[in-house]
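So the chains spell out like this:
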Amino acid sequence: RQMCIRDSTKVKQLPVLETEYQELNHQVAVLEPSLPTEAYIPTFLAQLQTLAGTTNNRLTLIKPKPRRNLPVVQRPEQDVVADDAQAAKPAALQAEAADPVSPYDEIGIEVAFEGTYWTALEFLGQLRSFPKMIAVNNLSIKPVSNSTGAAQCSNPLLEVTFQLIAVIPKEK
């Protein structure tokens, strides 16, 4: 009887806990962009793992690639007297000559997971609304070689590998 009372109390707290959970998720979403890279990556990996679990897939590989720092252009100090050749160039040509400036860095991550066709499709579809800026490249899908049995013939286990590019804010 005491267990029943305790359980009913927990059930009554569920709406309050769900509201608190939603508020905390919102706070994380607001605060996360200002976090340094060291804190950003673990949350990114946890979200990737959660996505795999919720779509009934099993992550088998998460392998980071070397960090790719996108160029930041330093504006040259302007001379008091402009060079005649430089001054003669149209502004559009001068802008083209400058390297692109990006407030982001990119981290390449090789990802592999196992799942059926439908669960893999669900995982890849969910990446479209992933809470981080990412790009998926070099997607490869092949059957897992040790799949056996009649059930596996109609719904075989697949190995999906791809290169994921995570776009992260530059350190300030």
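Numbers given to residues run from 1 along each chain, matching the order in which its sequence is written. Side-chain atom pairs in this predicted model are given and counted only at pLDDT of 80 or more, local residue features only at pLDDT of at least 70, and totals for whole chains, interfaces and linings cover all residues. By convention in this description, side-chain values take in all heavy atoms of the structure and omit both hydrogens and water.

A. Helix α5 (residues 117–127), seen in detail. The buried label goes to any residue with under 20% of its type's maximum accessible area, the exposed label to any with over 50%, and the partly exposed label to all in between, with areas taken from a 1.4 Å probe on protein chains only. Secondary structure follows DSSP: runs of H or I at least 4 residues long count as helices, runs of E at least 2 residues long count as strands, and numbering of each begins at the N terminus. What α5 keeps buried is the set Thr119, Ala120, Phe123 and Leu127. The buried residues of α5 occupy one face: seen down the axis, they fall within an arc of 100°. By arc we mean the arc of the directions from the helix axis to the C-beta atoms, nothing more.

B. Molecular detail of the packing of aromatic side chains. A pair of aromatic rings is counted whenever rings of Phe, Tyr or Trp (Trp by its six-membered ring) have centres within 6.5 Å, and the orientation is called stacked for planes under 30 degrees apart, edge-to-face for over 60 and tilted otherwise. All told, the structure shown has five aromatic pairs when counted by the stated rule. An angle of 50° between the planes, with centres 6.4 Å apart, marks the rings of phenylalanine 123 and phenylalanine 162 as tilted. With phenylalanine 123 in helix α5 and phenylalanine 162 in strand β4 (residues 158–169), this residue pair connects regions lying 39 residues apart in the sequence. With a relative accessible area of 0%, phenylalanine 123 lands in the buried category. In textbook terms, an aromatic cluster arises when at least three aromatic residues are bridged by ring pairs, as seen for Phe113, Phe123 and Phe162.

C. Highlighting the environment of glutamine 49. By the secondary structure assignment, glutamine 49 is in helix α2 (residues 37–54). Residue glutamine 49 is classed as partly exposed on the basis of its relative accessible area of 45%. Put simply, glutamine 49 and leucine 59 are 10 residues apart on the chain and 7.0 Å apart in space, counted from C-alpha to C-alpha.

D. Fine view of the confidence of the model for the chain. The predictor attaches a confidence to each residue, and that confidence, scored 0 to 100, is pLDDT. Looking at the chain as a whole, its pLDDT mean stands at 77, while 69% of the residues score no less than 70. Mean pLDDT values for the elements of the chain range from 52 in helix α4 (residues 91–97) up to 94 in α5.

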